[in-house]
Amino acid sequence: DIVFAGVTVQYPGTLRPALAGLTLRVPAGTRLGVGGRTGSGKSTLLAAALRLVPLAGGAVLLGGRDVQQMKLRTLRGRQCARLSRARGILFARQ
């Protein structure tokens, strides 16, 4: 599973967070599509899961482990996430 627990991300120099208190659980093996307008936080959701942006609050758990405690090589190198130009795809291995 991947769990976003009260995740808040705020980019420097912005007044409002890109994500504010997001809570979401995606069971392992589930496909999830995320849609929205430009600037709605779609890319930030994926960036938070991969530790590409710092969290201002909350936690992201992958398989029950906080991604902040995982080595980046483990988090990004085990095909936990795949990015393409047109879309971001996030999935967890069991």
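Our structure's up above, just so we're on the same page.
Residues numbered from 1 in each chain as written. Predicted model: local features only at pLDDT ≥ 70, side-chain atom pairs only at ≥ 80, totals over all residues. Heavy atoms only, no water.

*Asks:* Which parts of the structure should I look at to understand the nonpolar core?
*Replies:* Considering soluble globular proteins, one finds that nonpolar side chains tend to be buried as a cluster. In this structure, Ile 2, Phe 4, Val 7, Val 9, Val 60, Leu 62 and Val 67 are the most contacted members of the largest nonpolar core, which totals 16 residues. Broken down by secondary-structure element, the contributors of at least two residues to this core are strand E1 (2–9), strand E2 (19–26), helix H1 (42–49) and strand E3 (57–62). (Core = buried A, V, L, I, M, F, W, Y, C linked by side-chain atoms within 4.5 Å. Buried < 20%, exposed > 50% of the residue type's maximum accessible area, 1.4 Å probe, protein only. Helix = DSSP H or I, 4+ residues; strand = E, 2+ residues; numbered from the N terminus.)

*Asks:* I would appreciate a short explanation of the side chain of Thr 8 in the present structure.
*Replies:* Within the fold, Thr 8 resides in strand E1. Here Gly 21 takes part through its backbone nitrogen, which lies 2.9 Å from a polar atom of the side chain of Thr 8. The contact partners of Thr 8, leaving out residues within four places of it in the chain, are Pro 17, Leu 19, Ala 20, Gly 21, Leu 55, Ala 56 and Gly 57. (Polar contact = N/O pair within 3.5 Å; in protein donor to acceptor, adjacent residues only side chain to side chain. Contact = heavy atoms within 4.5 Å.)

*Asks:* Can you walk me through H1 in this structure?
*Replies:* Turn by turn, an α-helix covers 3.6 residues, leaving residues three or four places apart pointing in a common direction. Of all the eight residues making up H1, six are buried; the element is thus mostly covered by neighbouring parts of the structure. All of the buried residues in H1 are Thr 44, Leu 45, Leu 46, Ala 47, Ala 48 and Ala 49. Residue Arg 51 follows H1 closely and has a positive phi angle near 60°.

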